[in-house]
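Reading the structure
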Amino acid sequence: MSPAGEPVRVQAIAQTRNSVVPPQYVQPPETRPAAKLTHHHKNEAAELSPPSINLAGEDTGRLKDEIGLACRDWGAFSVVNHGVPMELLDQMRRVGKSFFEECDMEQKLKYSCDPNSPASEGYGSRMLVADNDSVLDWRDYFDHHTLPLSRRNPAKWPHYQPNYREVVAEYSDQMKVLAQRLLGLISESLGLPSSCIEEAIGEFCQNITVSYYPPCPQPDLTLGLQSHSDMGAITLLIQDNVEGLQVFKDGEWITVRPLRDGILVLLADQTEIITNGKYRSCQHRAITNAERARLSVATFHDPAKTRKVFPAFEPPIYHEVMYGDYVSSWYTKGPEGKRNIDALLIKY
Ligand SMILES: O=C(O)CCC(=O)C(=O)O
Ligand SMILES: [Fe+2]
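Residues numbered from 1 in each chain as written. Chains lettered and ligands numbered in written order. Predicted model: local features only at pLDDT ≥ 70, side-chain atom pairs only at ≥ 80, totals over all residues.

Heads up, the condition is: UniProt positions are given in the numbering used here, feature names are shortened, and annotations may be inferred rather than shown by experiment.
As recorded in an unreviewed UniProt entry, the protein goes by Jasmonate-induced oxygenase 1-like and comes from Coffea arabica. Turning to the protein, the UniProt annotation filed under Sequence similarities (unreviewed entry) states: "Belongs to the iron/ascorbate-dependent oxidoreductase family."

Here's what the structure looks like:
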């Protein structure tokens, strides 16, 4: 912490051009990007990426089959022809990047989040509250509270770019529509009524996090974002053209190829609970590189804090959980891969 109580921004560290990262950012050997995990042949995995699914096709039977397979195998897939204008995806990336790259630190700090309260809105660097992070992520972010509309206050979003607030609001609305459609298809792919998962979640609580990963002098020792699965129901993610997102599949970390017109869908923990583990949430992380900054925009769709979530199938393999309790324990213990959802498994 600096004297003002502000955590140090990763971008400010990167700008010092030191050739070593501060010790708090050094991962233990077992979580470093190149840590050997299994005996698979490396090249096998390099060819793989979560499937890309065309949402415009006429054949809804085929669409549901493809989605079902992707959810079962990966807990993740990309969608194309999703109905969101490519220009809006580009604008969202552009305004997000301009905040980090065109504003000076003083301008950015005017929008600082509260470092003592998890997931507070604004500009931040730490996912967990101070003292709780064992190793720090090589990432700065801006978190926007976007839905329901009662949580949306564009005055809390940067005003330096003339259309920033309009772009985020429009992007939020379009992501909600897409998330609803996808949850419908995902429900149907399991033989459930189309509204099943959405009704189990209730009204969406949506947050949009723009993550900015400055170039890192020691990418082999650091992570942009530690291994985790998202807590809510479904995450829709876009990235710029710099690789860095990895998903964990069959004991391997697999890099997700960036697609300019694609939107990556990540199943999150509440969907795993509702589907009773038929579909598992996607474990993922971000790695860094020494040359180029990287940007991603993740749109999270979560239940309200007071919502009770439980499996839609018998016998349940997860305990019912009040979503707010799930979030608190996630922030208290840290993600460490999927340990939080594993803790809900019923031991028969
Ligand atoms: O930067 C990325 O691609 C991943 C971001 C992410 O996983 C998150 O914000 O939860
Ligand atoms: Fe995530």
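Anyway, onward from the coordinates.
1. Considering the UniProt feature "domain: Fe2OG dioxygenase" (unreviewed entry) in the protein
Cut-off, in case you're wondering: What counts as a helix is a DSSP run of H or I of at least four residues, what counts as a strand is a run of E of at least two, and both are numbered from the N terminus.
Mapped onto the present numbering, the UniProt feature "domain: Fe2OG dioxygenase" (unreviewed entry) falls at residues 201-303. Between the C-alpha atoms that bound residues 201-303 the distance is 5 Å, and the span itself is 7% helix and 44% strand.

2. A short note on unusual backbone geometry
Leaving glycine out, the prevailing phi sign among residues is negative, and the prevailing peptide bond configuration is trans. Geometrically, the link from leucine 147 to proline 148 is a cis peptide bond, its omega value of -5° lying close to zero. For proline 148, the position within the fold is in the loop between β4 (140-147) and α6 (164-189). The omega torsion across glutamate 314 and proline 315 is -10°, close enough to zero to call that bond cis. Examined against the element boundaries, proline 315 turns out to sit in the loop between β13 (308-309) and β14 (321-322).

3. Some remarks on the site of ligand 1
Inclusion rule: Contact assignment follows one rule, namely that a residue is near a molecule or strand if its backbone-placed C-beta atom lies within 6 Å of it. As a working rule, the residues Ala, Val, Leu, Ile, Met, Phe, Trp, Tyr, Cys and Pro are called nonpolar, Asp, Glu, Lys and Arg charged, and the rest polar, with Gly in that last group.
Surrounding ligand 1, one finds Thr209, Ser211, Leu225, Asp230, Leu237, Gln239, Leu245, His284, Ala286, Ser296 and Ala298. Sorting the residues of the shell around ligand 1 by element identifies β5 (205-213), β7 (234-239), β11 (284-286) and β12 (294-302) as the ones contributing at least two each. Split into classes, the residues belonging to the shell around ligand 1 amount to 5 nonpolar, 5 polar and 1 charged.

4. What about the confidence of the model for the protein?
When pLDDT drops low, the exact placement of atoms in the prediction is not to be read closely. Note the following rule: Residue-level confidence of the predictor, termed pLDDT, takes values from 0 up to 100.
On average, residues of the protein score 93 in pLDDT, and 94% of them are at 70 or above. Interface confidence in the predicted complex, given as ipTM, is 0.99; pTM for the same model is 0.96.

5. With respect to the sheet that holds β11
Hydrogen bonds between backbone atoms are what pair the strands of a sheet, whose relative direction is either parallel or antiparallel. Quick note on the threshold: Here a strand pair is declared whenever DSSP counts at least two bridges between the two strands. Angles here are taken between N-to-C directions and fall from 0 to 180 degrees, while the axes themselves are lines fitted to C-alpha atoms, restricted in helices to the stretch in contact.
Across the sheet, 4 strands lie side by side as β6-β11-β8-β9; this open sheet has antiparallel pairing. Each edge of the open sheet carries a strand with a single partner, namely β6 (225-228) and β9 (252-255). Pairs of neighbouring strands in the sheet enclose a mean axial angle of 25°, with direction left out of account. Both strand β8 (residues 245-249) and β9 contribute to a ladder of 4 bridges, which runs antiparallel. Bridged to glutamine 246 within β9 is threonine 255.

6. As for the pairing of β4
Here is the rule: Every C-beta atom is placed from the backbone, and the number of other C-beta atoms within 10 Å of a residue's own sets its class: buried at 20 or more, exposed at 12 or fewer, partly exposed in between.
Within β4, 8 of the 8 residues are buried, leaving the element largely enclosed by the surrounding structure. By the bridge criterion, 7 bridges tie β4 to β5 in an arrangement that is antiparallel. Bridging across to β5, phenylalanine 142 finds its partner in valine 210.

7. Focus: the environment of glutamate 198
Our working rule: We call two residues in contact when the distance between their C-beta atoms, placed using the backbone, is within 7 Å.
Position of glutamate 198 among the secondary structure elements: in helix α7 (residues 196-201). If sequence neighbours within four positions are ignored, glutamate 198 has contacts with Gln180, Leu183 and Gly184.

8. Here's the deal with the nonpolar core
In summary, soluble globular proteins display a tendency toward joint burial of nonpolar side chains. The test is simple: In this usage, the nonpolar core is the set of buried Ala, Val, Leu, Ile, Met, Phe, Trp, Tyr and Cys residues whose C-beta atoms join them within 7 Å.
Ranked by internal contacts, the top residues of the largest apolar core, which has 80 residues, are Ala76, Ile234 and Val265. No other element matches α6, which puts 11 residues into this core. Beyond its immediate sequence surroundings of up to four residues, valine 265 is in contact with Ala76, Phe77, Val79, Leu182, Ile234 and Leu236.

9. Structural notes on the sheet that holds strand β1 (residues 52-54)
Pairing within the open sheet is mixed, and its 8 strands lie in the order β1-β2-β10-β7-β12-β5-β4-β3. Two strands bound the open sheet, and with one partner strand each, they are β1 and β3 (122-124). Put simply, the sheet's adjacent strands are angled 25° from each other on average, direction ignored. For β7 and strand β10 (residues 263-267), the ladder comprises 4 bridges, and the chain directions are antiparallel. Of the residues in β10, the one forming a bridge with isoleucine 234 is leucine 267. Packing against the sheet, helix α4 (residues 86-102) makes contact with β4, β5, β7 and β12, and its axis sits at approximately 115° to β12.

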